[in-house]
Amino acid sequence: MVEAVLIDLFSLPANLQNSIQGLLCDMLETIEKRSSIPAPFVYVMCCQRQGSKRNGEHKSLLPALRDFQSLKRRLEVVCALTTAAALYAVKQRLDEKDLSIIKVILPTLRKDLMKVYIDHLFTAVYQFEFEDLQVVPDCNNLQIAEPCNEGQTLPTQDIALIQSEIQMYLESLPSLKGELTILRSSLIPDDIFLHGFTTRTGGISYIPTLSSCNLFSSSKRRDPQVVVKENLRRLASAAGFNPETFHRVKIDHANAVCIMGKTEPDSYDGIVTNQKGVTIAAPGADCIPVLFADPVRKACGAAHSGWKGTLLGVSMATVNAMVSEYGCNVKDILVVLGPSVGPCCYKLPYESAKEFHRIDPKCVRLFDSANPYIDIRRATRILLESGGILPENIQDDSVTDQKQNVTFCTACHPDKFYSHFRDGTNFGTQIGFISIKD
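Residues numbered from 1 in each chain as written. Predicted model: local features only at pLDDT ≥ 70, side-chain atom pairs only at ≥ 80, totals over all residues. Heavy atoms only, no water.

Asks: Could you clarify how one ought to interpret the overall build of the protein chain in this entry?
Replies: Secondary structure assignment for the protein chain yields 13 helices and 18 strands. Counting the 438 residues in the protein chain, one finds 52% classified as buried. For the protein chain, the share of sequence-separated contacts (at least 6 apart) that also reach a separation of at least 24 residues comes to 71%. Accessible surface computed for the protein chain: about 19900 Å², of which carbon and sulfur atoms make up 50%. (Helix = DSSP H or I, 4+ residues; strand = E, 2+ residues; numbered from the N terminus. Buried < 20%, exposed > 50% of the residue type's maximum accessible area, 1.4 Å probe, protein only. Contact = heavy atoms within 4.5 Å. Areas by Shrake-Rupley, 256 points an atom, 1.4 Å probe, with all protein chains shown as cover.)

Listed below in structure tokens is the structure:
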């Protein structure tokens, strides 16, 4: 069932806008009659000429639009200087209304072009169908374009131009929800390591559960890779690392560890390196982003530790990789637990809670209930100390610093952090990152 219709008039010259009036009326009438819902949302995408006034662009289409009363509040003309800007504005309208099934009506020659824009600016959450805009001119000024072959792909240089246009547009957008903020630990020496934990401020993600510095994209969420890449670029600029040498774990909620410079596993929740200038990172949105630093051997690591990874010992697996690969002494390794869901909020079914109770009964509260509260941080600390990490070399602010410098509860602080537990399936992600300074 089509929820929205996008009519692409972007490529029409300004002096020919009037020639499309009748065609636009016909299209809107067809949409009203054939739509499976009473009145879908309709967006007419036009080019705003340099130096022209926005209202002027709207007025040129008003004669074609004013008679459609049932679409009156569901129809909008979107004008912008570039296709990227116009389509991104349409995407914002769709996301505001949680719409995902879209029909695109456009000139045949624009189809391959539009598909490239859509591939970059949308994810698999959205479904698109395309319908050719057959222009039958009422005057000699409007030329009929020759139809292109179905399945024809754009030249590589054209795709590169589109990517550049999108990137330039996203870089021009203002930061949302304040300045970009990075939390740092006093435990990790900043003369050797560059590190930090991100918060949700200072990026360009606008969807409420993803705004604003979301740093993870997937086919199930509405933030595309290009937006996450721009958020990462801004983080790298603020933190001082190179985004081109940035490596993030490939989450499997298990205990595999990637050794930088060796064959990369298909998935892994821990990563270690002794290469200077390489930034490694682990995401978290309730799960713990854990950072590891050995100032003696100058090696570091990062791990993503959810409840499954905690039980499987992903943190000690990361420590063991540093010991075996780089000759680290376990007593020299510093470990910082980043923002993650606290025992105040996090619940698991009883069967899973029993596994944490075996580690230490204090890891579980209300153990006899159907869904006890779980302390995955305490469990992580206990497992690390059992593996030889010194207690004083583990930073968990929920225990050691009541001012909460780093280890905040993500679910309790919606202004600062994303939380899957709190926000649902379309949740954002923060990261912990670390690198060895050159």
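Asks: I tried to follow the pattern of salt bridges on my own but got confused; where do I start?
Replies: A side chain of one charge can pair with a side chain of the opposite charge when the charged atoms of the two come close. Using the criterion set out here, one finds 19 salt bridges in the structure. Of the charged contacts, one joins E264 and K250 as a salt bridge, the two residues approaching to 3.3 Å between their closest N and O atoms. Of the two residues, E264 is situated in the loop between β9 (257-259) and β10 (270-273) and K250 in the loop between β8 (246-248) and β9; the sequence distance between them amounts to 14 residues. Classification of E264 as partly exposed rests on a relative accessible area of 41%. A salt bridge links E325 to K262; the shortest N-O distance between them is 3.0 Å. With E325 in helix α9 (residues 314-326) and K262 in the loop between β9 and β10, this pair connects stretches of sequence that are 63 residues apart. Linked through salt bridges whose partners overlap, the residues forming this network are K91, D95, D98 and R222. (Salt bridge = Lys/Arg side-chain N within 4 Å of Asp/Glu carboxyl O.)

Asks: Looking at this model, I keep getting lost on the sheet that holds strand β11 (residues 279-284). Mind explaining?
Replies: Strand pairing within a sheet occurs via backbone hydrogen bonds; the two strands may be parallel or antiparallel. Taking strand neighbours across the sheet as the criterion, the five strands line up as β6-β7-β18-β11-β8 in an open arrangement whose pairing is mixed. Since the sheet does not close on itself, it has two edges, and those belong to β6 (182-183) and β8, each with one partner. Sheet analysis places β8 next to β11, joined by three bridges and oriented parallel. From the neighbouring strand, R248 faces β11, where its bridge partner is A281. (Pairing = 2+ DSSP bridges.)

Asks: Before we go on, may I ask you to explain the packing of helix α6 (residues 156-172) against helix α7 (residues 225-239) in this structure?
Replies: When two helices pack together, you describe them by how their axes are tilted relative to each other and by the distance separating the axes. One can describe the packing of α6 onto α7 by two numbers: an axis separation of 10 Å at closest approach and a directional angle of 55°. It follows that α6 is oblique to α7 by the angle criterion. In this structure, α6 crosses over α7, and the sense of that crossing is right-handed. Mapping the contact onto sequence places I166, L170 and E171 in α6 and V226, V227, E230, R233 and R234 in α7. Taken together, the residues of the contact of α6 with α7 sort by class into four nonpolar, no polar and four charged. (Axes fitted to C-alpha atoms, helices over the stretch in contact; angles between N-to-C directions. Parallel < 35°, antiparallel > 145°, perpendicular 65-115°, else oblique. Left-handed = near helix turned anticlockwise from the far one by under 90°. Nonpolar A, V, L, I, M, F, W, Y, C, P; charged D, E, K, R; others polar.)

Asks: Explanation requested: unusual backbone geometry in the structure shown.
Replies: For residues besides glycine, phi is generally negative; the peptide bonds are generally trans as well. A cis amide bond links S211 to the next residue, S212, at an omega of 0°. When you line up the elements, S212 lands in the loop between β7 (193-198) and α7. Of note, K177 is a non-glycine position whose phi angle comes to about 60°, a positive value. Note that K177 resides in the loop between α6 and β6. You will see that H253, though not glycine, has its phi angle at about 55°, which is positive. Mapped onto the secondary structure, H253 falls in the loop between β8 and β9. For H253, a relative accessible area of 38% puts it in the partly exposed group.

Asks: Can you walk me through the side chain of H195 in this structure?
Replies: One can find H195 in strand β7. Looking at H195, its side chain comes within polar contact range of the main-chain nitrogen of S185, at 2.8 Å. Each residue touching H195, except ones within four places of it in the same chain, is listed here: I182, R184, S185, I188, L291, F433 and I434. (Polar contact = N/O pair within 3.5 Å; in protein donor to acceptor, adjacent residues only side chain to side chain.)

Asks: Sorry, what's going on with the sheet that holds strand β5 (residues 127-132) here?
Replies: Here we have five strands laid out as an open sheet, ordered β3-β2-β1-β4-β5, and parallel in their pairing. At either margin of the open sheet sits one strand with a lone partner, and together these are β3 (75-80) and β5. Neighbour-to-neighbour, the strand axes of this sheet turn through a mean angle of 20°, independent of strand direction. Pairing of strand β1 (residues 4-8) with strand β2 (residues 41-47), which is carried by five bridges, proceeds in the parallel orientation. Bridge assignment links D8 to a residue of β2, and that residue is M45.

Asks: Please clarify how the layout of surface pockets should be interpreted in this entry.
Replies: By rolling a water-sized probe across the atoms, one finds the places where empty space is left. Considered as a void within the structure, the largest pocket measures approximately 660 Å³ in volume. If you trace the largest pocket, you find 25 residues lining it, with H253, C287, H304, H420 and F427 closest to the centre. If you list the elements that add at least two residues to the lining of the largest pocket, you get β11, α8 (307-312) and α13 (420-423). Tallied by class, the residues present in the lining of the largest pocket amount to 11 nonpolar, nine polar and five charged. Considered as a void within the structure, the second largest pocket measures approximately 440 Å³ in volume. What lines the second largest pocket is a set of 19 residues, among which Q225, V226, V228, K229 and E230 lie closest to the centre. At the level of elements, α6 and α7 are the ones that each hand at least two residues to the lining of the second largest pocket. Take the lining of the second largest pocket: its biggest share by element is seven residues, from α7. (1 Å grid on protein atoms, 1.4 Å probe; cavity = no way out; pocket = protein on both sides within 12 Å on 5 of 7 lines; lining within 4 Å. Points joined across faces, edges and corners; volume = space filled by probe spheres on them.)

Asks: Can you walk me through helix α11 (residues 376-386) in this structure?
Replies: The set of residues buried in α11 consists of I376, R377, A379, T380, R381 and L384. In this structure D375 caps α11, since a side-chain oxygen of it lies 3.2 Å from the backbone nitrogen of R377. Note on α11: the residue one or two positions beyond its end, G388, has a positive phi of about 110°.

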